[in-house]
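Inside the fold
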Amino acid sequence: MTTETPDALIARLAAAAREAAAALAHAPADRKQAALTFAAQAIRDAEGAIMAANAEDLAYADGKGLSPAMVDRLRLDAGRIAAIADGLRAVARQPDPVGRLLAEWDRPNGLHIQRVSTPLGVLGVIYESRPNVTADAGALALKSGNAVILRGGTDSIHSSAAIMACMTEGLRQAGLPDTAIQMVPTRDRAAVGAMLRAQGLIDVIIPRGGKGLVGLVQSEARIPVFAHLEGICHVYADGEADLDKARRVVLNAKTRRTGVCGAAECLLIDRQFYARHGAVLIEDLLAAGVEVRAAGDLARIPGTVPAQPDDFGREFLDMIIAVKLVDGVDGAIEHIRRHGSQHTESILTENDTTAARFFERLDSAILMRNASTQFADGGEFGMGAEIGIATGKMHARGPVGAEQLTSFKYLVTGDGAVRS
C-alpha cells in the first residue's frame, strides 16, 4: 500500500508531464498525428474491454443511485465508442496549431518581430462522469503540444482507465513520451485539491462537470482556469420566426440530450409570436414529455406547471424547461443578461436586423440563429473534439479545441540593433 500523499502524487505526475511537454513542444506534426491515429485504432480494437469496464462503472453508479442524466453521461455503447475513435481521427487530421505565424512586422528601430503560437505547457483536466473526456482531452492536449494530467470522476474510473490504456498505446507506437497523457490513479478527492495547488507544476486547470465541481475549482484554484460554471442556455422565438424552423429547433434544443451543457433550459417567446401561433411550441414540448414551468399568461396552458422565480437562471439537466413571454428582442436580451451564464443563446427569426441586434447586445460565448443550442460542441464546430466550453474572458471562449490550447511568443530579429 502506497504512503504517497496526494501532493506528492501530483508533484510526481507533474514532473513527468513537464519533461514530456518539453519534448512535445517541438514534436513533428506527423508524429502527433500518428499517435492519435494509433490510439483511435486501439480504441476500436479494445471495444469489448472498454464495454466491460463501463459495465463495472454502471453497476457502481446504480449502487450510488445516480440520476438518469448522469448515468446517460457515463454510459458507453458501440456507437459512442466508435464516435470516440472518430473524434481522435478528426483531431489527428486537423492542421497543427503549434508554430503558426500569427503576425509579423518591421519596426523603425531595425527589429523584425514575429508572433508565433506555442503550447501552454501542462494541463490539468478534472471531469466527472463522461469517460469520452479521457480521449477528447488527451487528444487535444497532444495535438496542441501540451502534456496533460487527467483526473476523471470516481464513477467512470474503470471506463477512463480502459480508454487511457489506448491513448498510452498510441503514444508508444508513435515514439512519443507515454507520460504526455497521464491519469491520476486514485479515487481520493484530495488529489483534486493537490492539482489546484500545483503552482509552477500545472499551467492551466480545465474543469468539466457540474456546478459543484466547477465552483470548487474556480474558488480554490491557484492556477488559471478555463471553465464555465453552468450551461443556462436560452432559445428566443422572435415575432418573425419561421414556425416550422422554430418547432424543430426548440424540441431538439431541449430534448436531444438533456444532460449536456448545451441543452436549452429556458424558452423565451415573443408576444407577437404567441399572438400569431399560440402555444404550439409549449404543446410540442409537453407532447415530448417535458415538464414545462410556465410564467405569467403561459401558466394557464393545460399541462404546464407554474414557474417559480428560481426556475429562471437554473440549469435543470433534465426534461424540464422554464418558459416566459417577452416584449421583443430587447425583452429577451434583458432576461438573458439577468439570468444567463454566458454559455449559449439562440434566436429564432427571419429578420436580419433583429438577429444582428441579438448578436451585438449579448456577450455569451456562443450566439446562434435558427439553430439548436445542442450544437454548442467542439466536434460540431469542426474542432474534432473539445476539452470543454469556456465562458470566461480569457483568450479561450466557447468550445476549447487544440488551437485554444496554445499561447504565443515573440521572435525578435535585429542586425546588431542597440537601443539609444
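Coordinates for the structure precede this section.
Summarised in this report is the structure supplied together with it. (Residues numbered from 1 in each chain as written. Predicted model: local features only at pLDDT ≥ 70, side-chain atom pairs only at ≥ 80, totals over all residues. Heavy atoms only, no water.)

Moving on: the sheet that holds strand β10 (residues 305–306). Think of a sheet as strands paired side by side through backbone hydrogen bonds, with each pair either parallel or antiparallel. Judged by pairing direction, the sheet is parallel, and its seven strands sit side by side in the order β10-β9-β11-β8-β7-β12-β13 without closing on themselves. Among the strands making up the open sheet, the edge pair consists of β10 and β13 (366–369). Judged from the five bridges that link them, strand β8 (residues 264–270) and strand β11 (residues 320–326) form a sheet pairing that is parallel. Bridged to I269 within β11 is L325. (Pairing = 2+ DSSP bridges. Helix = DSSP H or I, 4+ residues; strand = E, 2+ residues; numbered from the N terminus.)

The four strands are arranged β5-β4-β3-β6 in an open sheet whose pairing can be described as parallel. Only two strands of the sheet have a single neighbouring strand rather than two, namely β5 (181–183) and β6 (204–208). Across the sheet, the mean angle from the axis of one strand to that of its neighbour is 20°, orientation sign disregarded. Where strand β4 (residues 147–151) meets β5, three bridges bridge the pair, whose relative direction is parallel. Bridge pairing in β5 links L150 to M183. (Axes fitted to C-alpha atoms, helices over the stretch in contact; angles between N-to-C directions.)

A separate point is a nonpolar patch on the surface. Residues L102, W105, F408, Y410 and V412 make up a contiguous nonpolar surface patch of roughly 460 Å² in combined accessible area. Where the nonpolar patch is concerned, the elements lending two or more residues are β1 (101–106) and β16 (406–413). By residue number, the principal contributor to the nonpolar patch is β16, which donates three residues. Summarising the element assignment, L102 is placed in strand β1. (Patch = residues over 30% accessible without salt bridge, like charges linked within 9 Å, V, L, I, M, F, W, Y side chains within 5 Å. Areas by Shrake-Rupley, 256 points an atom, 1.4 Å probe, with all protein chains shown as cover. Salt bridge = Lys/Arg side-chain N within 4 Å of Asp/Glu carboxyl O.)

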